[in-house]
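# Summary of structural features
The residues making up each chain are set out below.
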Amino acid sequence: MPTDSRPDQASVPAGLPSVEVATVGETMVVLCPAPGEPLEHAERVAVSVGGAESNVAGYLARLGHRTSWVSRVGDDPFGRAVIRHVAAAGVRVDQVCVDPTAPTGLYVKDPGPEGTAVHYYRAGSAAARMDPATLADPALAGARVLHLSGITPALSASCRALVEHAVTDRPLVGSLVSFDVNHRARLWSAEQAAPVLRDLANRCDLVFVGQDEAETLWGTTDPTAVRELLPDPETVVVKDGAVGATALVRDAEPVFVPAPRVTVVEPVGAGDAFAAGYLAGLLRDLDPTRRLRLGHLVAAQALTSSGDNAPVPPWAWFEKLVDAPADAWSPLDLTDLAATT
Ligand SMILES: Nc1ncnc2c1ncn2[C@@H]1O[C@H](COP(=O)(O)OP(=O)(O)O)[C@@H](O)[C@H]1O
Ligand SMILES: O=C(O)C(=O)C[C@H](O)[C@H](O)COP(=O)(O)O
């Protein structure tokens, strides 16, 4: 019977300090035809890598935080591509199990006149076999943040048990548990997802949710109403795309920060980038306004670049804008982002 193995990570010598952030979730190879070319007639596809939680890990690593992505991939070329891609962003991948008995998941984009449809080939994937033991490695102890998303509980019963375990038993003692609701309608219906995601989110410390998904799941876009549905986390961040985002922190007035003006090249991954920026602000003990600003600024990098995991400018660029006077943010104009970075 073949057994799981762990990839070597030449760039991470033994004895490194413990990770600051662990993220857990599935990452897949992404196949995408040329823009506007329907999949049915495509003769060529571009191959890339995508996964919400490894995207968050990648942005955090690029912002200078020691981050580990915890997952499973198949012992196949796509699994090796995923590991190489995530490691290239500076993320530790020594917590990724290579499973010789299940494939790496795949998602395929189908550009059409009404937008891009997504087809998943991830049922039965190696990552769908994650379970509560996935978080048992002592190397994860001491992480300040464990970041999860609502994609994982939709993957399989064992993945749902993993997320239940993470939010209830808190295996990473002392870590703050962060949860991006990330409802994926291709994985489960809103009726199935709504109570599960609400219950899981309520057991976390920090929750990110888009107004669009709050409406789909729970029938409201109002940040205060969302907060009433999620009373237990210390902080709920409600995002409203191009408009802005609100942080509702327990025992404090809600804080709203408008999103900067940007010229969107490709919207996929903006939510992951936002979560990473907010978490970087939290790790640096910034106040909620600055955390939201950092979220928007990292999201802006994702929006103005194609692909899920954009490069980020040096910290000094972020610092200047994060500390700018309030009127500079009403709203901040980043429409010439490429020139300013
Ligand atoms: N058109 C836009 N202009 C400026 N910022 C945007 C725009 N769309 C999204 N964002 C930024 O990306 C963040 C995440 O947006 P959201 O729509 O929730 O993304 P996703 O659907 O990828 O989760 C927003 O909070 C904001 O910072
Ligand atoms: O659907 C999944 O399972 C994925 O992980 C695919 C994507 O890479 C991210 O989810 C992007 O997410 P957004 O930041 O919300 O645009």
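I will try to describe carefully the structure that is included in this document. Within every chain, residues take consecutive numbers counted from 1 along the sequence as written. By the order in which they are written, chains take letters starting at A while ligands take numbers starting at 1. Two thresholds apply to this predicted model, a pLDDT of at least 70 for residue-level local features and 80 or more for giving and counting side-chain atom pairs, whereas whole-chain, interface and lining totals are computed over all residues. Side-chain measures here rest on the full set of heavy atoms in the structure, leaving out hydrogens and waters.

## A word on the side chain of Arg 72
We apply this condition: Each helix corresponds to a stretch of at least 4 residues labelled H or I by DSSP, and each strand to a stretch of at least 2 residues labelled E; elements are numbered beginning at the N terminus. Three exposure classes are used, based on accessible area relative to the maximum for each residue type with a 1.4 Å probe and protein chains only: buried under 20%, partly exposed in between, and exposed over 50%. Counted as a polar contact is a pair of N or O atoms within 3.5 Å, where, for protein atoms, one must be capable of donating a hydrogen and the other of accepting one, and residues adjacent in sequence contribute only when both atoms are in side chains. Throughout, a contact is declared for two residues whenever any of their heavy atoms are within 4.5 Å.
In this fold, Arg 72 is placed in strand β4 (residues 67-74). The exposure class assigned to Arg 72 is buried, which follows from its relative accessible area of 14%. In terms of polar contacts, Arg 72 uses its side chain to reach the backbone carbonyl oxygen of Ala 126, at 3.5 Å. Ignoring anything within four residues of it in the chain, the contact list for Arg 72 reads Asp 4, Val 96, Cys 97, Asp 99, Ala 126, Ala 127, Arg 129 and Met 130.

## So, the pattern of salt bridges
Rule in force here: One speaks of a salt bridge when a side-chain nitrogen belonging to Lys or Arg is within 4 Å of a carboxyl oxygen belonging to Asp or Glu.
According to the stated counting rule, one finds 13 salt bridges in the structure shown. Between Arg 92 and Asp 94 there is a salt bridge, with its nearest N and O atoms 2.7 Å apart. Given a relative accessible area of 14%, Arg 92 falls into the buried group. For Arg 290, the salt bridge is made with Asp 287, and the minimal N-O distance between the two is 2.7 Å. With relative accessibility at 26%, the residue Arg 290 sits in the partly exposed group. With relative accessibility at 32%, the residue Asp 287 sits in the partly exposed group.

## Examining the packing of aromatic side chains
Definition in use: In this scheme Phe, Tyr and Trp rings, the latter by its six-membered ring, pair at centre separations within 6.5 Å, and the angle between planes marks the pair as stacked below 30 degrees, edge-to-face above 60, and tilted otherwise. For a Lys NZ or an Arg CZ to count as sitting over a ring, it must be within 6 Å of the ring centre and within 35 degrees of the ring normal.
In this structure the tally under the stated criterion is 5 aromatic pairs. For the pair Phe 208 and Tyr 278, a centre-to-centre distance of 5.6 Å together with 85° between the ring planes defines the contact as edge-to-face. Within this pair, whereas Phe 208 is found in strand β10 (residues 206-210), its partner Tyr 278 is found in helix α7 (residues 270-283), the two being separated by 70 residues in sequence. We note that Phe 208, like Tyr 278, is buried. An aromatic cluster of three or more residues is present, and its members are Phe 208, Phe 274 and Tyr 278. Against the face of Tyr 120 rests Arg 122, its NZ or CZ located 4.5 Å from the ring centre. The lysine or arginine in question, Arg 284, covers the ring of Trp 315, its NZ or CZ lying 3.6 Å from the ring centre.

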